[in-house]
Amino acid sequence: MALRNRGKDARGAHIRKSTLGTSNEISFSVLDAASSRSGRSQKRRGKGAWQSFDQDAAAPGVPLTPPPGEISLFTMGTDGRPPSTPRKDQGLTLPSGEFVPTGPRGGSAVMAVNEVAARKKSRRRARMVGVLASVMVLLALVAGFTSLVASLVNTQNTQQSQLVGLVEELETTDPVLLAMDEAVLALTSGQELDEETIASIDDLLEQGSAGVLATLDQVKEKTQDLEERLMSGTDREVANNCIASVNARSAMIETGFSILQAAAPLCQAKEEAHLGWQALGQAENFSRQAADVLATMNTETVQQSKDYSQQALDQLYQARDYFARAAEYSEAVDLAAYTDYLQLKINASAAAIEADDAYLDRDKELMEERNAASNDYEAQAAETLALSEANPEPLYDQVLTDATAQPLLNYQAERGNVSVADEWLRNFLG
């Protein structure tokens, strides 16, 4: 295939006449670039690429027609520059949309590029400032949150310390509670009261419940005030159990003291009556021995009988004192029959001693009179009281049960509540 060889530019020699659809097809932009470079080169030499052909033959004012193959496929400007290149009175449009005029020799273009760089730098600086501000805000939030957490933890620790103090203050009532519990148990179990137990009961009754109840009221008031400000559910549970223990202890102490006030006099009266009953039994034994020894009546046996009667009389006097003290402790049991019986027995023993003295004095008439009187007093005593069935203890037990049965049930219930609440508090204290 023949190559086009028109003109001196051999850069298009490889192009075929018909290249549509072939591998040698060249885009118009390549041709445009080649023609532009050729035009600029020709212009620098003072003439166009086509001015070497028929320039002299052209008429004035008639545009020259270059030979085929000597001009770019796209019409160029008069100065040979691409249309996108700004002219002297043109400029550059920045990415922001702003138009920046350009000066000669590209001075304005350099300024525009510098301004673009400056604006990019400004944007980068603004972004960095924003990032730093965000970091500072985040750090401030973290610091504030940390401070808040520390404050909450400190507050919670303070509240727990206050709870511990309240529980320890609650424990100061334990000695009274334990002493009262032992006293109630001793009074209601029917056991014999020793001197130490009686002294402890007396001390409790003398001390009273006002002081310990006032302490419990203070603990309850402080705990309720603290409970409203507690943040931890566990701490609130401790406060609730502390209040529950206070309530149970208060009820237990009130009920316990009411039991003590009712039972202590009865128990002490019962104890005195028991001693009086024992003295009566001893007196009865001595009276029986005084009668038995007179089976053979002589000076020696009469003297022995008199001695037994005197011992019986001494026991009767003691019994009378015991029953008198029992009546002083409590009048819940009627001891009138015992008082009458004792007086008749005392009269009988005294008359027997007088009869023995009359025998020893050989005064038979006085002896018979005093002996008859003694027998008469004994008969009256037997009618007043059946000694074998006259034990006063069951009477006191019945009165004690009637007086303390319901309070004792309440006391045991509150005692159980105290045990449950205190076990929870002990676990809290560790």
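Scroll up to find the structure this text is about.
Quantities reported herein were computed from a predicted structural model and do not represent experimental measurements.

**Describing unusual backbone geometry**
Moving on, step 1. You will see that Arg362, though not glycine, has its phi angle at about 65°, which is positive.
Moving on, step 2. You can see Arg362 is positioned in the loop between α8 (336–360) and α9 (364–384).

**Section: helix α10 (residues 393–429)**
Within an α-helix, residues lying three or four positions from one another point in the same direction, as the helix has 3.6 residues per turn.
Moving on, step 1. In this model α10 runs just 47 Å from its N-terminal to its C-terminal C-alpha over 37 residues, more than 12% under the 54 Å that 1.5 Å per residue would give.
Moving on, step 2. Within α10, the full set of buried residues consists of Glu393, Tyr396, Leu400, Thr404, Tyr411, Val418, Ala421, Asp422 and Leu425.
Moving on, step 3. Of the residues flanking the end of α10, it is Gly430, one or two places downstream, whose phi is positive at about 80°.

**Observations regarding the packing of aromatic side chains**
Moving on, step 1. For the coordinates displayed, the defined rule picks out one aromatic pair.
Moving on, step 2. Geometrically, the ring pair formed by Phe323 and Tyr338 is stacked, given 5.0 Å between the ring centres and 20° between the ring planes. Placement of the pair is Phe323 in helix α7 (residues 299–329) and Tyr338 in helix α8, with a sequence separation of 15 residues.
Moving on, step 3. According to the relative accessible area criterion, Tyr338 is buried, its value standing at 5%.

**Regarding the nonpolar core**
Moving on, step 1. Of all hydrophobic cores here, the largest spans 61 residues; its most connected members are Met180, Leu187, Ile253, Leu280 and Tyr396.
Moving on, step 2. Mapped by element, the contributors of at least two residues to this core are α2 (107–171), α3 (174–188), α4 (195–207), α5 (210–227), α6 (233–292), α7, α8 and α10.
Moving on, step 3. Of the residues forming this core, the biggest block, 20 residues, is contributed by α6.
Moving on, step 4. In this structure, Val302, Ala355, Ala358 and Met367 belong to the second largest nonpolar core, which totals five residues.

**Quick notes on the packing of α3 against α6**
Moving on, step 1. For the pair α3 and α6, the least separation of the axes is 9 Å and the interaxial angle reads 40°. Classified by the angle between their axes, α3 and α6 sit oblique to one another. Crossing of α3 against α6: the hand is left-handed. Where α3 approaches α6, its residues Asp174, Leu177, Met180, Asp181, Ala183, Val184, Leu187 and Thr188 are matched on the opposing element by Arg249, Met252, Ile253, Gly256, Phe257, Ile259, Leu260, Ala263, Ala264 and Cys267.

**Considerations on the side chain of Ser287**
Moving on, step 1. When you line up the elements, Ser287 lands in helix α6.
Moving on, step 2. For Ser287, a relative accessible area of 16% translates into the label buried.
Moving on, step 3. Setting aside anything within four residues of it in sequence, one finds Ser287 in contact with Ala312, Lys345 and Ser349.

Conventions used here
- Residues numbered from 1 in each chain as written.
- Predicted model: local features only at pLDDT ≥ 70, side-chain atom pairs only at ≥ 80, totals over all residues.
- Heavy atoms only, no water.
- Helix = DSSP H or I, 4+ residues; strand = E, 2+ residues; numbered from the N terminus.
- Expected span 1.5 Å × (residues − 1).
- Buried < 20%, exposed > 50% of the residue type's maximum accessible area, 1.4 Å probe, protein only.
- Phe/Tyr/Trp six-rings, centres within 6.5 Å; stacked < 30°, edge-to-face > 60°.
- Core = buried A, V, L, I, M, F, W, Y, C linked by side-chain atoms within 4.5 Å.
- Axes fitted to C-alpha atoms, helices over the stretch in contact; angles between N-to-C directions.
- Parallel < 35°, antiparallel > 145°, perpendicular 65-115°, else oblique.
- Left-handed = near helix turned anticlockwise from the far one by under 90°.
- Contact = heavy atoms within 4.5 Å.

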